[in-house]
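# Summary of the model geometry
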Amino acid sequence: MGRPHRIRHIEKFPDFTYFRPHGDTFQKGFEVILTVAEFEAMRLKHHEGKTQIECAELMNISQPTFSRVLDLAHKKIAEALIHGKAIRIAGGSIGIKKFFFGYGCLNCMNEWEDKQASEINKESLVCPECKSKNVYFLKKDLLQQMP
Ligand SMILES: [Zn+2]
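Everything in this summary refers to the structure shown in the same document.

Criteria and thresholds
Residues numbered from 1 in each chain as written. Predicted model: local features only at pLDDT ≥ 70, side-chain atom pairs only at ≥ 80, totals over all residues. Heavy atoms only, no water. Pairing = 2+ DSSP bridges. Helix = DSSP H or I, 4+ residues; strand = E, 2+ residues; numbered from the N terminus. Contact = heavy atoms within 4.5 Å. Axes fitted to C-alpha atoms, helices over the stretch in contact; angles between N-to-C directions. Core = buried A, V, L, I, M, F, W, Y, C linked by side-chain atoms within 4.5 Å. Buried < 20%, exposed > 50% of the residue type's maximum accessible area, 1.4 Å probe, protein only. Donors = N, O, S within 2.8 Å, 3.2 Å for Na, K, Ca; no water.

## Topic: the sheet that holds strand β3 (residues 31-34)
Strand order in the open sheet formed by three strands is β2-β4-β3, with mixed pairing between adjacent strands. Looking at the sheet topology across the chains shown, the edges are occupied by β2 (18-19) and β3. Of the strand pairs in this sheet, β2 and strand β4 (residues 86-89) are connected by two bridges, and their pairing is antiparallel. Note on β4: the bridge partner recorded for Y18 is R88. Across the sheet, helix α3 (residues 63-83) is in contact with β3 and β4; its angle to β3 comes to roughly 160°.

## Observations regarding the nonpolar core
By size, the foremost hydrophobic cluster in this structure holds 21 residues, and its most contacted members are L34, A41, M59 and F66. Contributions of two or more residues to this core are made by β3, α1 (36-47), α2 (52-59), α3, β4 and β5 (94-105). Here A41 is in contact with M59, F66, V69 and L70, once residues within four sequence places are set aside. One finds Y103, C105, W112 and V135 within the second-largest nonpolar core, a separate group that totals six residues.

## Focus on the coordination of the zinc ion
The protein atoms that coordinate the zinc ion are C105 (SG), C108 (SG), C127 (SG) and C130 (SG), at distances of 2.3 Å. Mapped onto the polypeptide sequence, the residues donating to the zinc ion form the spacing pattern C-x2-C-x18-C-x2-C. Taken together, the residues C105 in strand β5 and C130 in the loop between β6 (111-113) and β7 (135-145) connect sequence positions 25 residues apart. On the basis of relative accessibility, which here comes to 28%, the residue C130 falls in the partly exposed class.

Printed below as a string of structure tokens:
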């Protein structure tokens, strides 16, 4: 066993997770599995056109690791195209980034979400728990881990 796998950050789970060759000759189960991280690497690099440095940073991995992940994605897709295999996108240890906007209370440490939250809007606010006016604007990244 190697080192424990570092969680790869992704922005969004893919909308389409299964592709297969057209026609009747296709054999069920004849497929390659692309991890969600490999999909995300391709999306960031080739669809969003980001640099490897930016991609690696966004996915919370080193640049050499990013390069390996991207290379693996290319190899798997080439394999599928050449041999008529289906492509299934699944698995890998990933965390989906979520942005939390809301407020926090300095009096009772309560935190609550509000999509319209801002520094300006907080002026007229009171904490829903303790009614304190000692409220601050809170913005943070949450990581929702996938099994
Ligand atoms: Zn409070």
